[in-house]
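What follows is the residue order along each chain.
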Amino acid sequence: MPGIIDQLYVDTFNANLVALAQQEASVLRNRITTRGEVGDNVVALEQYGSVAMQEKLTRFADTPQTDTPYDRRWCGSTPWDQADFVDDLFDLEKMLQDPRSAIARTHAFAAGRKMDKVIVDAMLGTASTGQSPGDTNVALPAAQQIAASGTGLTLDKIREAYEKLSDANVDMTGACIVMTPKQHRDLLEQVVVTSADYVSGRPTETGTFGTVYGFDLLVICLLYTSPSPRDQRGSGVAGCGWKK
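Now for a description of the structure that goes with this document. (Residues numbered from 1 in each chain as written. Predicted model: local features only at pLDDT ≥ 70, side-chain atom pairs only at ≥ 80, totals over all residues. Heavy atoms only, no water.)

Along the chain, aspartate 116 falls in helix H1 (residues 100-124). At 8.4 Å, arginine 113 is the nearest oppositely charged side chain to aspartate 116, a buried residue that forms no salt bridge. In this structure the side chain of aspartate 116 is engaged in a polar contact, spanning 3.0 Å, whose partner is the backbone nitrogen of leucine 28. (Helix = DSSP H or I, 4+ residues; strand = E, 2+ residues; numbered from the N terminus. Buried < 20%, exposed > 50% of the residue type's maximum accessible area, 1.4 Å probe, protein only. Lys, Arg positive; Asp, Glu negative; His and termini not counted. Salt bridge = Lys/Arg side-chain N within 4 Å of Asp/Glu carboxyl O. Polar contact = N/O pair within 3.5 Å; in protein donor to acceptor, adjacent residues only side chain to side chain.)

Counted under the stated rule, the structure contains 1 aromatic pair. Ring plane angle 85 degrees and centroid distance 6.4 Å describe the contact between tyrosine 162 and phenylalanine 215, whose orientation is recorded as edge-to-face. Placement of the pair is tyrosine 162 in helix H2 (residues 155-167) and phenylalanine 215 in strand S7 (residues 215-219), with a sequence separation of 53 residues. On the basis of relative accessibility, which here comes to 35%, the residue tyrosine 162 falls in the partly exposed class. Owing to a relative accessible area of 0%, phenylalanine 215 belongs among the buried residues under this scheme. Positioned over the ring face of tryptophan 80 is lysine 114, at 4.2 Å from the centre of the ring. (Phe/Tyr/Trp six-rings, centres within 6.5 Å; stacked < 30°, edge-to-face > 60°. Lys NZ or Arg CZ within 6 Å of the ring centre and 35° of its normal.)

The next subject is the sheet that holds strand S2 (residues 70-76). Here 4 strands make up an open sheet; going across it, the order is S1-S2-S3-S4 and the pairing antiparallel. This sheet does not close on itself; its edge strands, each paired only once, are strand S1 (42-48) and strand S4 (136-138). Within the sheet, the average angular offset between the axes of one strand and its neighbour, ignoring direction, is 35 degrees. Taken together, the 2 bridges between S2 and strand S3 (residues 127-129) define a ladder with antiparallel strand orientation. Across the sheet, arginine 73 pairs through a bridge with threonine 129, a residue of S3. (Pairing = 2+ DSSP bridges. Axes fitted to C-alpha atoms, helices over the stretch in contact; angles between N-to-C directions.)

Formed by 16 residues in total, the largest nonpolar core has its most connected members in Ile158, Ile177, Met179, Leu187, Phe215 and Leu217. Taken together, the elements giving at least two residues each to this core come down to H2, strand S5 (176-179) and S7. In terms of residue count, the dominant contributor to this core is H2 (4 residues). Not counting the four nearest positions on each side in its chain, phenylalanine 215 is found in contact with Ile158, Ala161, Tyr162, Leu165, Met172, Ala175, Cys176, Ile177, Gly210 and Cys240. Membership of the second largest hydrophobic core comes to 8 residues, among which are Leu28, Val178, Ile220 and Leu223. (Core = buried A, V, L, I, M, F, W, Y, C linked by side-chain atoms within 4.5 Å. Contact = heavy atoms within 4.5 Å.)

Quick look at helix H3 (residues 181-188) now. Of the residues making up H3, those classed as buried are Gln183, His184, Asp186 and Leu187. Down the axis of H3, the smallest arc covering the buried residues is 155 degrees, so these residues share one side. If you follow the buried residues of H3, they end up packed against H2, S5, helix H4 (191-194) and S7. (Arc of directions from axis to C-beta.)

Moving on to the pattern of salt bridges. Scanning the model with the defined rule gives 6 salt bridges in all. Of the charged contacts, one joins aspartate 121 and lysine 117 as a salt bridge, the two residues approaching to 2.9 Å between their closest N and O atoms. Of this pair, aspartate 121 and lysine 117 both sit in helix H1, separated by 4 residues, roughly a single helical turn. A salt bridge links lysine 182 to aspartate 186, with the shortest nitrogen-to-oxygen separation between them at 2.7 Å. With lysine 182 and aspartate 186 both in helix H3 and 4 residues apart, the pair spans about one turn of that helix. Judged by relative accessible area, lysine 182 falls into the partly exposed class, the value being 23%.

Take a look at the structure:
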């Protein structure tokens, strides 16, 4: 009978689960110093500042005593978790593939993104210093910020960031700039930044930069400061940092 054969058509399903596009590993974890012990949810990083030598003007003069400046930076820990459920007897019997491995992977991806979000918030947020947690709260100083001026991320702003860090005698080993995809595009649109005469690598060909003024350039979506569709890109901030 004509048309009966279509009753034998079947649907085909993939035996593997495919992850949707998302940030997988943490971008920033290896850019910070981590501590395994946190005590009662906080750990203190003992800090010391600089002193200046004094000229000795006479023979057998007493050596002057100079107090070395000390401070304490407090770091806190915040627990995060995530869970999903699969019923061995009910769910797995009705599924073509076992989703438990995929679930574990997507939770690991979520952990990597959360690490980056915590690092970004700390980079741009308020630091706790003093003898005890909360004694002194130090906001990101205005002198360490560079105005957006409505121009996006430019090479001149990177030069200014380099100047500010150099003025503070910062060791630039491992220095990086964390930026949004929109700011990355801003740089790609500047001929000086994409020319092999000025930067290493082939940014126009690969879409990635080498080192610019000693900074590694890292792209991360978590820096967007206004929620908006990615085609609108929203507004965002860029941050400089280094591993000490």
